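Here is how the chains run, residue by residue.
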Amino acid sequence: MQPLASLSPSLSDPKLGFFTVSLSLVSLTTATMEEELIIEDEEREILASMSSVPPHRKAHSYSQQLCFTSATHKRNALRKHSLDEERYPKNMESYYDLPSPDHLFPSSDELVSQNTSLDVHQRVSALPEFVGNGGGSGIFKVPTRAPVHLGRPPCLELRPHPLRETQVGKFLRTMACTETQLWAGQESGVRVWNMGEAYEAGCGRGGRVRRGDEDAAPFQESVNTSPTTCLTVDEGNGLLWSGHKDGKIRSWKMDQPPPPDDAPFKEGLSWQAHRGPVLSLVMTSYGDLWSGFEGGVIKVWPWEAIEKSLSLTPEERHMAALLVERSYIDLRGQVTVNGVCNISSADVKCLLSDRTRAKVWCAGPLSFSLWDARTRELLKVFNIDGQVETRVDMSSVQDQSPEDEMKVKFVSLSKKEKPQSFLQRSRNAIMGAADAVRRVATKGAFGEDTKRTEAVTVTVDGTIWTGCSNGLLVQWDGNGNRLQDFHYHPYGVQCFSTYGARIWVGYLSGMVQVLDLEGNLIAGWIAHSGPVLQLTVGGAYMFSLATHGGIRGWNIMSPGTVDSILRTELASKEVSYTRREHIKIWTGTWNVGQGRASHDSLISWLGSTASDVGIVAIGLQEVEMGAGFLAMSAAKETVGLEGSSIGQWWLDTIGKTLDEGSTFERVGSRQLAGLLIAIWVRKPLRTHVGDIDAGAVPCGFGRAIGNKGAVGLRMRVYDRIMCFVNCHFAAHLEAVNRRNADFDHVFRTMAFSRSSNLLNAAAAGVSSAVQMLRGANVPGISPEEGKPELSEADMVVFLGDFNYRLHGISYDEARDFVSQRCFDWLREKDQLRAEMKAGKVFQGMREALIRFPPTYKFERHQAGLGGYDSGEKKRIPAWCDRILYRDNRSASASDCSLACPVVTSIIQYEACMDVTDSDHKPVRCKFSVEIAHADRSVRRQEFGKIIRSNEKVRSLFAELRYVPETTVSTNNIVLQNRDTAILRITNKCGKDDAVFEIICEGQSTVKEDGNASDHHPRGSFGFPRWLEVTNIACRCCSALIDCVDPFVSPYLIVLTILGSSSGTIPKVSSYSRPIVFTTTTKHPLRHDDNVTRNPKNRTLRNPKNRT
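Residues numbered from 1 in each chain as written. Predicted model: local features only at pLDDT ≥ 70, side-chain atom pairs only at ≥ 80, totals over all residues. Heavy atoms only, no water.

## A few points about the environment of Trp-252
For clarity, the threshold we go by: Runs of E in the DSSP output that reach at least two residues are strands. Runs of H or I that reach at least four are helices, and both are numbered from the N terminus. By the convention used here, residues are in contact when the closest approach between their heavy atoms is within 4.5 Å. Think of a polar contact as two N or O atoms within 3.5 Å of one another; within protein, one of them needs to be a possible hydrogen donor and the other a possible acceptor, and neighboring residues in sequence only count if both atoms come from side chains.
Checked against the element boundaries, Trp-252 lands in strand S10 (residues 248-253). Excluding residues that lie within four positions of it along the chain, Trp-252 makes contacts with Trp-183, Val-190, Ser-222, Thr-225, Gly-238, Leu-239, Leu-240, Ser-242, Phe-265, Lys-266 and Glu-267. Separated by 2.8 Å, the side chains of Trp-252 and Ser-242 make a polar contact.

What follows is the structure, given as structure tokens:
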């Protein structure tokens, strides 16, 4: 017989996988080895004589043998079935019968990484596994995986999802886009991608790859600045304006060549705009820059001052900053009279420029203010329900006082009550205290109106759309009148963007939806695994930014025919971008019974894990118990605190045993009352492990207290999601249904979020709104609505004290079967196996064949199998402590691929019977895991090749460049003082709508000699303040151009009409048509080089392609 130790080879390469532990720690003397050989021979005879009926049980009870004399003990030792043996044999392989083929599935074949060469002698055979029924449907169904995601359109991964831990100080928080560049604001400045390099391989900045950006398309970064909070684009002057946490506004030159040696580029004009962070920026239709701050403060920075500052030399930068700083107009101050202000003092959430009507919307959480962009006058103040407010009521909604919240509701004392037991009184006290703390703690987070505004946008038809924190979408007209609302998703709206006749909505859940102008839902899909922070359009893509920093580009025609072509072509190239890794995971569970382990016990359990394992996951139960501790734990949970001194002792002690700091790194832990889970990762593997989240579900005392329940950790390993859940279910033999219900409750409601006990807390990278949503004990909803988060993991491992017992067997019978190593008959009495076979619990999960004695219940510090409980209760031995798992396999045997990315087998499953520090024995399990993942940089290159070379895709894009034929009533407009002119635009195509926008490309003054000076655009192609244009961006109709102020000198303005289609599928091209606008108060009309004298020539200037 081959010893067990030889089945656990030591792999020298730490990248091969997770750590394993060997039981063969005690050297055996020659006499001991001979004794084991005797046992082996006898056990072979027993296995050979096994029949279909249980073995005959001896007439006497082995529980009585514990009191025999030493002579009797010696005689029983020769029989080799005594429970009194001091050491559990290490070579147990020959003691176990073969499993029934009806209940066991073959394990996966030996897994060998394509990237790792293993010696033949190092390969370890997989153990046979038992698979529970019921895993093929509902929430227990294996998640669907494919080379190209089937639930969403194929996308351009400009910046693939980086691990959160790599983004400390570099998290992306906002985004803006032009036709040639995409800009992103981060915690240390800004970065920019050029669209021409969007499909290139990832090489980082200047070819220097930084962790987290290995697969991102080439980009450039700015010098370090304060965290960027908002961005806005000024295409007229080729500038990007950014607002920052330090209160500064900075400008950055767009489309400039990279600095030499790929050095970080520097800012242009900057000034101190406010003492607090700049929350929002927008450029109006008149070129002014508006900024919003805390406390409802709105400042206007006139374009005249900005233009003058931009014209100064770099040596005069300080003077330029002062010039702009002193030019601001405080709008809040203008509408404040005698200390009473007509607008809300809440923080400015969003600023929106309505170019159709030359207005600016200022959105707070619960109210709006509407301003005239030209005169900067306040037009209207109204709340989220559309009701006009004449003044702001500064008082908040009256809630119950904290004293009332703390009152415990008792039943009327006039009613005669039955006396309560001590357990009932303790339960009521604990739950009352926890509930009171919970309500007070959550009052500030959830007491606000759930309809608070989170995002606002304007569409091509001139309507305004706002999104609320409860997922409500509200449509308004341009004057602030509420039209209608829609509700398609229960999660909060985070952002909007529009293109043509489509509205794109990003949600807190990672969902993106596409609507038409009437509010009808066209499509929706999960765009990211985290909240969508920003949507912006450019280069024929709608780019979405997730809270983890990933950026994806969605074709603006999605969903459509192009998506099907891209999906098929990308799937056919799967081999080119598929990569495989092989790792090993060591997991262990132990109910420590409120005790502390000795050093020798930890060495026995964990000592050899450092040999060939990459990840260690450990779950402990009953770390600390007691009514007082449970009440305190429940109270701490309500305010986001966790952990205890004893729990920290276990973490430190286990970490020391694993050589934490040199060999391993602890990546996360979570404690709920007496439950504790922690994960350590080998350092060479650490760069591929991240996004650590934690979850906890109490199951005790009415699902409120953590004496029973579960704690879990979720992490990303080679871009695959793995979850480890440590459970402690209801006790007692007859509580099978309660245990089943505990598992179902945990599986359905486990919600993961950033734990206060996880390392690198500074890298949280999740907004407070996300923490509020996912931190509470609410059902865990995955991005796919209605499915628990555990359902969407690629691999789930459940470990812990499940408390399932042996049924239909007496204490004496169980001990007899254990003494004779008849584990096959004991397994038939196992409650967990029976419930799994019936599909009532752990549906579809797998467990290796149990080949070790029951791990419960033992007398402390009594070695050997004779340590089973012999007290008054005589609890029947049981396999309470178990480890089960589920991977991506939907069939018994599947090859590892992008369609089945995680394939696992068990190569070790055993208990440490020599550990006596608790009434439970620790159990360990080693997994061999093969992981398939995509090289996202290579896949992006393949995506670009398809876009550029596929003839079908090219032809579809060519068809979409069609623009409806339109006519313009005139190409020349001449106005006297305060004159008005009407410009009519007619669409001759009856199939598609045409959308237009009028911009001012520049204003020139006609000189005394009759020539016009050079014209320069105002900010964002804004109009001069003396000119008013109504319907400057709308569907084809008419625009009213009005000279509203008298002027001294005649002017020449080039007004350009930008047109595009907005049919069912928005077109990707546009056209430009200049209109010459002049005033003739003092001088006759003179044409400059940009104007032709032929009125029939409609191409007065070189048309611009604004695709």
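## Some remarks on the sheet that holds strand S18 (residues 350-354)
Heads up, the rule is: Should DSSP find at least two bridges between two strands, the strands are regarded as paired. The angle between two axes is taken between their N-to-C directions and runs from 0 to 180 degrees, where each axis is a line fitted to C-alpha atoms and a helix contributes only its stretch in contact.
Spatially, S18-S19-S20-S21 is the arrangement adopted by the 4 strands of the open sheet, whose pairing is antiparallel. Each end of this open sheet is capped by a strand with a single partner; those strands are S18 and strand S21 (378-383). Mean inter-strand twist for the sheet, computed between neighbouring axes without regard to direction, equals 15°. Two strands pair when backbone bridges link them, and strand S19 (residues 359-363) and strand S20 (residues 367-372) are joined in this way by 5 bridges, in the antiparallel orientation. Its bridge partner being in S20, Trp-361 is matched across the sheet by Leu-370.

## Quick look at helix H9 (residues 561-572)
Under the convention used in this document: Expected helix span is taken as 1.5 Å per residue step, with the number of steps being one fewer than the number of residues. Type-normalised accessible area, obtained with a 1.4 Å probe on protein chains alone, sets the label of each residue: buried when under 20%, exposed when over 50%, and partly exposed for intermediate values. Directions are taken from the helix axis to each C-beta atom, and the arc is the one they span.
Over its 12 residues, H9 extends 17 Å from the first C-alpha to the last, a length consistent with the 16 Å expected when each residue adds 1.5 Å. Every buried residue of H9 is accounted for by Val-562, Asp-563, Ile-565, Leu-566 and Leu-570. Looking down the long axis of H9, one finds its buried residues gathered within 165° of arc, a one-sided arrangement. Turned more than 90 degrees off the buried face of H9, the exposed positions are Thr-568 and Ser-572. Buried residues along H9 sit against strand S32 (551-555), helix H10 (574-577), helix H20 (936-949) and helix H21 (951-959).

## Structural notes on the pairing of strand S31 (residues 541-546)
Burial within S31 is extensive, with 6 of its 6 residues counted as buried. With burial as the criterion, each face of S31 is covered, one bearing Tyr-541, Phe-543 and Leu-545 and the other bearing Met-542, Ser-544 and Ala-546. Relative to S31, strand S30 (residues 532-538) runs antiparallel, the two sharing 6 bridges. Among the inter-strand pairings, Leu-535 is bridged to a residue of S31, identified as Ser-544. What sits between S30 and S31 in their antiparallel hairpin is a turn of 2 residues, with Gly-539 showing a positive phi close to 60°. Inspection of the sheet shows S31 paired to S32 by 5 bridges, in the antiparallel sense. Of the residues in S32, the one forming a bridge with Phe-543 is Gly-553.

Everything listed is a geometric property; what it means functionally is a separate question.
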